[in-house]
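Listed below, chain by chain, are the residues.
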Amino acid sequence: QVQPVESGGGLVQAGDSLRLSCAPARRTFSGYTVGWFRQAPGKERIFVAAISRSGGNSFYTDAVKDRFTISRDSAKDTVYLQMNSLKPEDTAIYYCAAGNSALWSKMIHTTARGYHYWGQGTQVTVSS
C-alpha cells in the first residue's frame, strides 16, 4: 500500500496562487496514476485533476481548466498541483490519491472509484 501525503495548503486572497504537493510516505508513486480531489463543507468529494504514470497525459475538471496545472517530478517522487487565480469557490480540503490501473482513461481517472490510496487532505481557504 502506498500512502499519499499532501502539503502546501493555506489561507490566501482571491487571485493568489498556491502549489500543493503530494508525496508517498511509503513505497513510491512510480507506476501509479495520481489524482487530486476536493471536498467543500457539506459537499461531495469531486474530481479536480489527474496525471498519468509517465506524466504525459492529464485531465482537468472544467471548473479549474486554464487555472490549475498538475505535474509530476519522478526524481523527487512528487506530484504537484499548481493553483493560480484562486477563487473563493476553490475553498475545500484537497486530497491526493493514487491508482494502479494499467489503463489511462477519463472514465476511470476522473472518478473516486479509480483510486485506491488516499491522503488525509490539506485545507485550502480562499477569501474574497
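The structure under discussion appears in the preceding block.
Everything numeric in this text was worked out from a predicted model, so none of it was measured.

*Asks:* I would appreciate a short explanation of the overall build of the protein in the present structure.
*Replies:* For the protein, the count of helices and strands is one helix and eleven strands. Taken over C-alpha atoms, the radius of gyration comes to 13 Å for the protein, in line with the 14 Å a tight globule of 128 residues would show. When its C-alpha atoms are laid out on the principal axes, the protein stretches across 40 × 30 × 25 Å. The buried share among the 128 residues of the protein stands at 40%. In the protein, the share of contacts with a sequence separation of at least 24, taken over all contacts with a separation of at least 6, comes to 59%. Of the side chains in the protein, 14 bear a positive and 9 a negative charge, and the two mean positions are spaced by 7 Å.

*Asks:* Honestly, the pattern of salt bridges in this entry has me stumped. Any pointers?
*Replies:* Oppositely charged side chains are able to pair whenever their charged atoms sit close together. The full count for this structure, using the stated rule, is two salt bridges. A salt bridge links Asp 90 to Arg 38; the shortest N-O distance between them is 2.9 Å. One end of the pair, Asp 90, is in the loop between strand E8 (78–83) and strand E9 (92–99); the other, Arg 38, is in strand E4 (residues 33–39), and 52 residues separate them in sequence. Accessibility classification places Asp 90 together with Arg 38 in one group, the buried group. Residue Arg 67 pairs with Asp 90 through a salt bridge whose shortest N-O separation is 2.8 Å. Linking Arg 67 in the loop between strand E6 (58–60) and strand E7 (68–73) with Asp 90 in the loop between E8 and E9, this pair joins segments that are 23 residues apart in sequence. When salt bridges with common partners are traced through the structure, they connect Arg 38, Arg 67 and Asp 90 into a single cluster.

*Asks:* Looking at this structure, how should I read the side chain of Arg 72?
*Replies:* Inspection of the secondary structure puts Arg 72 in strand E7. Buried and unpaired, Arg 72 has Asp 77 as its nearest opposite-charge partner, separated by 5.7 Å. At 3.2 Å, the side chain of Arg 72 forms a polar contact with the backbone oxygen of Phe 29. Polar side-chain contacts of Arg 72 include one of 2.9 Å to the backbone oxygen of Tyr 32.

*Asks:* What exactly am I supposed to notice about the pairing of E8 here?
*Replies:* Each regular strand displays side chains that alternate between the two surfaces of the sheet. Taking burial as the measure, the six residues of E8 include five buried ones, the bulk of the element. With five bridges joining them, strand E3 (residues 18–24) and E8 adopt antiparallel strand pairing. Paired with Ser 21 across the bridge in E8 is Tyr 80. Pairing geometry for E7 and E8, over six bridges, is antiparallel. Within E8, the position partnered with Arg 72 by the bridge is Val 79. Here E7 hands over to E8 after four residues, with Asp 77 in that stretch at a positive phi of 55°.

*Asks:* Honestly, the nonpolar core in this entry has me stumped. Any pointers?
*Replies:* Judged by nonpolar contacts, the single largest core of 26 residues is most densely connected at Trp 36, Leu 81, Met 83 and Tyr 94. No other element matches E9, which puts four residues into this core. In contact with Tyr 94, not counting residues within four places along its chain, are Glu 6, Leu 20, Trp 36, Phe 37, Arg 38, Val 48, Phe 68, Leu 81, Met 83, Gly 121, Thr 122 and Val 124.

Criteria and thresholds
- Residues numbered from 1 in each chain as written.
- Predicted model: local features only at pLDDT ≥ 70, side-chain atom pairs only at ≥ 80, totals over all residues.
- Heavy atoms only, no water.
- Helix = DSSP H or I, 4+ residues; strand = E, 2+ residues; numbered from the N terminus.
- Rg over C-alpha atoms; globule rule 2.2 N^0.38 Å.
- Buried < 20%, exposed > 50% of the residue type's maximum accessible area, 1.4 Å probe, protein only.
- Contact = heavy atoms within 4.5 Å.
- Lys, Arg positive; Asp, Glu negative; His and termini not counted.
- Charge placed at Lys NZ, Arg CZ, Asp CG, Glu CD.
- Salt bridge = Lys/Arg side-chain N within 4 Å of Asp/Glu carboxyl O.
- Polar contact = N/O pair within 3.5 Å; in protein donor to acceptor, adjacent residues only side chain to side chain.
- Pairing = 2+ DSSP bridges.
- Core = buried A, V, L, I, M, F, W, Y, C linked by side-chain atoms within 4.5 Å.

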